[in-house]
Structure formats: structure tokens, C-alpha cells
Amino acid sequence: MATNITPRAENYSQWYLDVIAAGQLADHAPVKGCMVIRPTGYALWEEIQAVLDRRFKETGHVNAYFPLLIPQSFITKEAEHVEGFAPELAVVTRAGGKELEEPLVIRPTSETVIGHMYSQWISSWRDLPLLINQWANVMRWEMRTRMFLRTSEFLWQEGHTAHETPQEAEEETLKMLDVYREFLEGHLAMPVLAGRKTEREKFPGADRTYCVEALMQDKKALQAGTSHNLGQNFSKAFDITFLDRANERLHAHTTSWGVSTRLIGGLLMTHSDDDGLVLPPRIAPVKAVIIPLFKNDEEKALVLPFAEQVKTALGGCLDPLKVRMDTRYDQRPAERYFHWIQQGVPLRLEVGPRDVAGGQVCAVRRDTRAKAMIGLDDLGREIPALLEQMQADLYAKALAFRQANTHLVDTYEEFKQVLTEKGGYILAHWNGSEEVEARIKEETKATIRLVPLENTPLPQAAGPGRCMVTGEPSPGRVVFALAY
RNA sequence: CGGGGUGUAGCGCAGUCUGGCUAGCGCACCUGCUUUGGGAGCAGGGGGUCGGAGGUUCGAAUCCUCUCACCCCGACCA
């Protein structure tokens, strides 16, 4: 039992912060709301980047980089956009020792600068589609911050595309949403619901916002990724036009989509336990750690060469950079175990005199603590299998949790009761009005996380009914939850 | 911005009400010895001028005034 981590049941928020500290993922920065992402945390981000970057490229996108500073006037060009972001902008007004003629906004997102550039780059239908992604930092001056989940500065990727037709833009928007879904489920072992945001919850300046939502262990929802169909809002504001095949001048249809370092917070809150971080093998920067154990020089002379053999064997079936050897021989075994447990390393391979004698290692899973003795010759086959099993088990566990915490309600009374007594996702009918949505949020703090897409695996939500508040007709249930 | 709270060693705290020896304790850190298959024990050691400024006093971490910062709850949000 970890003594440096507050149990989830006692104080979930403190648990979250404790796991970050114990796993050395991040630290508070001197500036309020900012954080330092430490090597262990950054390695996770690099893993996320590597997988997603490849998927973006496979789907036809290329990377570029746009500047951090944006002329303030750009932000004001799109009406909803300025209204949505104005309160949280950080603005540079002085530079080079004097007041700037025009203040420069530190980007909260890059639709505006990129729109400005796209207007210069696009002139013909032959220039479309334009499919660019950038990995960058952005800044949003939030009132309340939480490590990884909401920091003043955060890292993300933002894809920005321009298309000829509304159909193509919509197709792109949904395609990238699906890339996120696949990534979250396949690599982070986080089951998600995909859906559309309501008018009230959508991105400022978008026609439609789609999202993937994940359920955390405290039964609150977390928006894990968003994909926006911006329609012609930004192309009109920034004059992104092209001549089509009939020599007609048209505004392009644009999209944008992003995921951020928030994913790390979501990953943590999905799988970790009271002993600290638990990482799904596919995303773990270190997949296995070898821990040589010995009491004296004779044992050391026996154990170390064997441990090297184990490392070589693992290097044959895993990325050698993702296998660690724990050489802190001056520390006690328990202490060394705990270090790697709290770093979330999926497999711990103990190699002591007993194992050398048996020609085997003792493999211990981080999630279940299950031990398995594996012969040296079997490592190449068994270790990858064990890691894949753990990956599948983590996903299955998270999925079972979500299913156990998804509730169907038909009346507003029942809704309030389930929300306070059980939490989780609540599927209910809603008349589609912003007023009712606002009232529910006002009275219960719950928001509509999404309106399920047709292919969302929520069969129980399908079918018409009557709004739980007004009794008016509703085409299908929407997903409510308390959210981060 | 509204409500509540806290600033004393890297971290967590005691001491403040009722001014008074050289400002303590736990963890972490350093050295040595003994230990070592789920967070070791003993011994020794380094580190703070008490958020900042001003005032009262023979004497201030402690009392007074001003000020700064941070945390929690709410509104806002990837």
C-alpha cells in the first residue's frame, strides 16, 4: 500500500495530484496555472504524438508550424470566436521596451492565423483539399486549473483543413473524430462515446462540433478530443476563396480538430489505482523493467549476467529503448519495486538467484499484481502476449466500468436522483432547446456531453421518446453527465 | 470577481491566542555500519531569520498597519 498517495475513496482530487507527484509526471511551475512536464510525463506525450502523428500522415495530412503570436484584430474577425475566447486570452502589449501598436494575442488556438495564411495559399479548386496539422502549445487563461486537465498553457495538436464542398468537410470532420476514437480505444485503452455537441457546448465559430468523451473513475466525464466542422465561418472571416471548375469564386469549407496533453490526465484517471500510475502497455514509454536481486557479490556475479541475457531476449521482441534495467543496487527491493509501480510500468521482471537457478524470470503485472514464471527461452513469445493481454484487460475493465455506470432515466426527478446517488452517464430524452439544457445545468451542474452518433454503441439510447423536463417529443436520448 | 483559508527548511507541519534561552518535528537529502524477493534499522550530519515592508517594544515568527502570493468553493473551460 502506497503511503504517499491518498486513496481514491478518501479524496479523488488529491489522489489524482498524488499519482502525478509519485509518478514524477509533472510539477507546478512558478507561474500560476502552468506546469512543468517532467521526463516521465513527457515520454508519455511523445508516445501519444508518435502514434497520432503517423495516423495523421496516413490519412493524408502534413505538419507545419504557425506562430505563437496572433494580431489581436484577427481574433475579432469571427463573431462567435471572439466572444468565446476573449475572456481567456493572454495578450502581449509591450515588446522591445515600448508599447506595441497592435496588441498580440498568445494563441488560444490557431484558426485565425491559419485562416489568414490559407487565404493566401488557396486560389484554385486544385489547391484543395489543404490538410495541415501542427503540434504546438497554446494558452488559455482559465480561472481554475488542474494539472494536465486544464492548465494555462498546454500542448496539443491542431489539424486545420480546407475543402471544396460541405460534404467533404463533414467527411473530414468525422474521419478525424474516428481517428481519435480508434487511438483512445486501441492505444490508451479508454472506451469513448462519440457524438455531437449541442449548440451551447460547441466550439466558438464552428457549425458543428463532434467529440469523444471518456468516463473517469469518479464517474465524471472528460472531453478527450474534438473535431469541428467550421463550415464557411472562418473562410468568410478570412476570405479563404477559390475558383471552382466552373470559374466561380467560392468560400472554402474548413475543419479543425485537436487533442491535448489532457489525454494524459484522462489516461491516469481511467486506469490508475491507489498505488499510483497504471499505463496500458501500448502507450507505456517503458514496457518492462528488469530488477536484478542479490544479497552479496557471489549472487551478484550470478544474477547480473543472467539479467543481461533477459534484457537481450526482451530487446528481440520489444523496442530495446522501452526495456529498462534497474541498477539501483544500493536500494532495497521493495523500494525499487515501488518506484516502478508508481511510474506505471506494465511489467516488472524480477531476476534473483532462485530465478537464475530455474532459468526463468518472475514477471509481475502492474494492474493485477499477478505473477508468472517465464523461462528465458519463452520470453520472446510470452512477454508480448502478456503485454497484449494486459492491454485487453485494461480496456475490458474500463468498458465494464462505463457500462455499469450508464443509466437510463425518463423523468427529471429520477434524473436528479441518479445524478447525485450514482453519477456516470445518464441517457435521457431532451426537447432540443437551449433553455432546457441551460436549466438542467443550472439546477444540477450536469451538461449534455453529446448527442450520440448513429454508429455510437448505445443501442439503448436509440428510439424516440419525450423530453424528461417538458414532455415534448425527442428523437432519441442524449448523454448527460457531470464533467471536468 | 464573490465566499472561505494559508504563508515558518525541498515537501508536510508545530510554535502565534498568552512576545523572552541558540526557532522545533516528520519526510526527503548527505556519511558510515548492518540489512535486502513488497516502501529497512541504528548512529552521525547539512539546510530555514519565520511571504514582503513599516510600526510598537529592552526584546517580535508571535502584537498593530499596509502589501504580495498561493490554495479551496462558485462563474469560465481542450
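That block above? That's the structure.
Residues numbered from 1 in each chain as written. Chains lettered and ligands numbered in written order. Predicted model: local features only at pLDDT ≥ 70, side-chain atom pairs only at ≥ 80, totals over all residues. Heavy atoms only, no water.

Participant: How should a nonpolar patch on the surface be read in this particular structure?
Facilitator: A cluster of nonpolar side chains, Tyr 65, Leu 68 and Leu 69, forms an exposed patch at the surface whose accessible area comes to about 280 Å². Tracing the backbone through its elements, the reader meets Leu 68 in the loop between β3 (62-63) and β4 (69-71). (Patch = residues over 30% accessible without salt bridge, like charges linked within 9 Å, V, L, I, M, F, W, Y side chains within 5 Å. Areas by Shrake-Rupley, 256 points an atom, 1.4 Å probe, with all protein chains shown as cover. Salt bridge = Lys/Arg side-chain N within 4 Å of Asp/Glu carboxyl O. Helix = DSSP H or I, 4+ residues; strand = E, 2+ residues; numbered from the N terminus.)

Participant: Sorry, what's going on with the packing of aromatic side chains here?
Facilitator: Centre-to-centre distance and the angle between the planes together describe a pair of aromatic rings. If you walk through the whole model with that rule in mind, you get 12 aromatic pairs. Among the aromatic residues, those joined into a ring-pair cluster are Trp 45, Phe 56, Trp 135 and Trp 257. If you follow Lys 220 out to its NZ or CZ, it ends over the ring of Tyr 484, 4.3 Å from the centre. Geometry around Trp 125 places Arg 245 over its ring, the cationic atom sitting 3.8 Å from the centre. (Phe/Tyr/Trp six-rings, centres within 6.5 Å; stacked < 30°, edge-to-face > 60°. Lys NZ or Arg CZ within 6 Å of the ring centre and 35° of its normal.)

Participant: Mind showing me how you'd approach the sheet that holds β3 here?
Facilitator: Strand pairing in a sheet is mediated by backbone hydrogen bonds. Such pairs are either parallel or antiparallel. Spatially, the 11 strands line up as an open sheet ordered β3-β7-β8-β14-β11-β10-β9-β22-β25-β21-β20, and their pairing is mixed. Two strands close off the open sheet at either side, each with one partner strand: β3 and β20 (406-408). Inspection of the sheet shows strand β8 (residues 153-163) paired to strand β14 (residues 253-260) by 8 bridges, in the antiparallel sense. Bridge pairing links Glu 158 to Gly 258 in β14. Contacting β7 (130-139), β8, β9 (193-196), β10 (208-215), β11 (221-231) and β14, helix α6 (residues 166-186) runs over the sheet at an angle of about 160° to β11. Helix-sheet contacts for helix α12 (residues 379-404) involve β9, β10, β20 and β21 (425-429), and the interaxial angle to β20 is about 25°. (Pairing = 2+ DSSP bridges. Contact = heavy atoms within 4.5 Å. Axes fitted to C-alpha atoms, helices over the stretch in contact; angles between N-to-C directions.)

Participant: Quick question: what am I supposed to make of the protein's contact with RNA strand B here?
Facilitator: Residues in contact with RNA strand B amount to 37 residues; listed here are only the nearest, Asn 4, Arg 144, Arg 150, Arg 332 and Ala 334. Counting only atoms of RNA strand B within 4 Å of the protein, the sugar-phosphate share comes to 44%. Within the side chain of Glu 335, a nitrogen or oxygen atom sits 3.3 Å from a phosphate oxygen of RNA strand B. Those elements that provide at least two residues to the surface near RNA strand B are α10 (333-342), β17 (347-351) and α11 (353-358). The leading source of residues in the surface near RNA strand B is α10, at 7 residues. (Near = heavy atom within 4 Å. Polar contact = N/O pair within 3.5 Å; in protein donor to acceptor, adjacent residues only side chain to side chain.)

Participant: I keep staring at the pattern of salt bridges and nothing clicks. Help me out?
Facilitator: Pairing between side chains becomes possible if they bear opposite charge and their charged atoms approach one another. Scanning the entire structure with this criterion turns up 29 salt bridges. With a closest N to O distance of 2.9 Å, Arg 348 and Glu 350 form a salt bridge. Owing to a relative accessible area of 12%, Arg 348 belongs among the buried residues under this scheme. Judged by relative accessible area, Glu 350 falls into the buried class, the value being 9%. With a closest N to O distance of 3.7 Å, Arg 381 and Asp 378 form a salt bridge. Overlapping salt bridges bring together Arg 54, Arg 55, Glu 58 and Glu 182 as one network. (Buried < 20%, exposed > 50% of the residue type's maximum accessible area, 1.4 Å probe, protein only.)

Participant: Mind showing me how you'd approach unusual backbone geometry here?
Facilitator: Note: most residues except glycine have negative phi, and most peptide bonds are trans. The omega torsion across Leu 128 and Pro 129 is -5°, close enough to zero to call that bond cis. Secondary-structure assignment places Pro 129 in the loop between α5 (111-121) and β7. In this structure, Ala 189 is a non-glycine residue whose phi angle is positive, near 55°. Examined against the element boundaries, Ala 189 turns out to sit in the loop between α6 and β9.

Participant: Even after reading the chapter, I still don't get the nonpolar core, so can you show me in this structure?
Facilitator: What tends to happen in soluble globular proteins is that the nonpolar side chains get buried as a cluster. Counting 49 residues, the largest nonpolar core has Ile 48, Leu 52, Phe 148, Leu 188, Leu 268 and Met 269 as its most contacted members. Mapped onto this core, the elements with two or more residues apiece are α1 (12-22), α2 (39-58), α6, β10, β11, β14 and α8 (262-271). Among all residues touching Ile 48, those that are not within four sequence positions of it are Phe 183, Leu 188, Leu 263, Ile 264 and Ile 283. Counting 23 residues, the second largest nonpolar core, distinct from the first, contains Ile 122, Leu 130, Ala 206 and Ile 240. (Core = buried A, V, L, I, M, F, W, Y, C linked by side-chain atoms within 4.5 Å.)

Participant: Sorry if this is basic, but what is going on with α1 here?
Facilitator: Think of an α-helix as 3.6 residues a turn; residues three or four steps apart then line up on the same face. Along α1, the residues that are buried comprise Tyr 12, Trp 15, Tyr 16, Asp 18, Val 19, Ile 20 and Ala 22. Of the surrounding secondary structure, the elements contacted by the buried residues of α1 are β1 (26-28), α8 and α10. Put simply, Asn 11 is the residue that caps the front of α1, since its side-chain oxygen is 3.2 Å from the backbone nitrogen of Ser 13. Positioned one or two residues after α1, Gln 24 has a phi angle of 55°, which is positive.

Participant: Before we go on, may I ask you to explain the packing of α1 against α8 in this structure?
Facilitator: As a packed pair, α1 and α8 sit with axes 11 Å apart at the nearest point and diverge in direction by 110°. What the angle tells us is that α1 and α8 run roughly perpendicular. As for how α1 packs across α8, the hand of that crossing is right-handed. On α8, the residues touching Tyr 12, Trp 15, Tyr 16, Val 19 and Ile 20 of α1 are Gly 265, Leu 268 and Met 269. Looking at the contact of α1 with α8 residue by residue, the classes come out as 7 nonpolar, 1 polar and no charged. (Parallel < 35°, antiparallel > 145°, perpendicular 65-115°, else oblique. Left-handed = near helix turned anticlockwise from the far one by under 90°. Nonpolar A, V, L, I, M, F, W, Y, C, P; charged D, E, K, R; others polar.)

Participant: Looking at this model, I keep getting lost on the pairing of strand β22 (residues 447-452). Mind explaining?
Facilitator: The two faces of a sheet get side chains in turn, since along a regular strand they alternate between them. Alignment of β9 against β22, held across 2 bridges, turns out to be antiparallel. When the bridges of β22 are listed, Arg 196 appears paired with Val 451. Across 3 bridges, the pairing between β22 and strand β25 (residues 477-481) is antiparallel. Considered in β25, the bridge of Leu 450 is made with Val 479.

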